[in-house]
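Coordinates in review
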Amino acid sequence: DVLLKACLEAKRTVSIRDELLDKGENPSQLQVCVPLLDTEQNWVGILAIAQLPFFAMTEQTLNLLTLISGYIADALHANKAVMQLQDSHAQYFSQQLQRAVLNTHKYKLSAALCAFEMTNENSELQMLLEHSQRGLDLQLEVINNRGSHVLLVLLPLTRPTGVLSYLERINALVEQQFPDMNLARLAVTVRTFQLDQAQSAAVRQFVYQECGLNEQQLVV
């Protein structure tokens, strides 16, 4: 099929609108082909769409299909290093973190990491932070190499201004539950890292060195 061949050769989403296919002698029975590529850009499969309303075949729709296909690929084929983690929550968080980093490069989608390191154990504060999770956010709770509880939060589709708003909301919740207190007074160190266009080495430095995690807890 000419559309399947074009998708395999280009390693990108192709549709019947493409000039390359319009000039082909062999018409395709498909309308859109979307590559299913894992976070390491290995082939997992192809999403072959036979029928799609032509009015919906906009650049925005095709980009959305391409974005979603990445998550489908992750669900079908997990990274081997990720699957070696013993904790299933760490596996899922690692996979989503890797995908978020990739999306910032391929689709210019903003994302951020936020780490709350609690020097003193405080179950009430810990529960408050866990319950503050927004709809798309992901959380991972670990104990770092300093012996502190760390709540690592992945904030998808969040720009720097969004991170500031998120932290303002957290501080407001803390002040409401603990009068005359804030995160600093409760011995909580907050670290943030913007994933936008960040190199993997910089992400690893933040996670492993600044936050004090290791490769048995999270794969970056």
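The structure presented is a predicted model; accordingly, all values stated were derived computationally and were not measured. (Residues numbered from 1 in each chain as written. Predicted model: local features only at pLDDT ≥ 70, side-chain atom pairs only at ≥ 80, totals over all residues. Heavy atoms only, no water.)

The next thing to look at is the sheet that holds strand E5 (residues 138-143). Within the open sheet, the four strands sit side by side as E5-E6-E4-E7. Their pairing is antiparallel. On the outer flanks of this sheet lie E5 and strand E7 (188-194), each paired with one strand and no other. Averaged over all neighbouring strand pairs, the angle between strand axes comes to 15°, with direction disregarded. Bridge count for strand E4 (residues 111-118) against E7 is seven bridges, and the pairing is antiparallel. Its bridge partner lying in E7, Ala112 is registered against Gln194. Relative to E5, helix H5 (residues 88-106) is tilted by about 125°, and along the sheet it contacts E4, E5 and strand E6 (149-156). Along the sheet, helix H8 (residues 200-210) makes contact with E4 and E7, crossing E7 at roughly 170°. (Pairing = 2+ DSSP bridges. Helix = DSSP H or I, 4+ residues; strand = E, 2+ residues; numbered from the N terminus. Axes fitted to C-alpha atoms, helices over the stretch in contact; angles between N-to-C directions. Contact = heavy atoms within 4.5 Å.)

Tallied over the full model, the rule gives four salt bridges. With a closest N to O distance of 2.8 Å, Asp74 and Arg99 form a salt bridge. Pair noted here: Asp74 is in helix H3 (residues 59-76) and Arg99 is in helix H5, with a separation of 25 residues, a long-range link. The same class applies to Asp74 as to Arg99, namely buried. In this structure, Asp137 and Arg134 form a salt bridge, with 2.7 Å as the shortest nitrogen-oxygen distance. With a relative accessible area of 30%, Arg134 lands in the partly exposed category. Taken together, the shared-partner salt bridges connect Glu117, Arg146 and Arg191 into one network. (Salt bridge = Lys/Arg side-chain N within 4 Å of Asp/Glu carboxyl O. Buried < 20%, exposed > 50% of the residue type's maximum accessible area, 1.4 Å probe, protein only.)

Keep in mind these numbers describe shape, not what the thing actually does.
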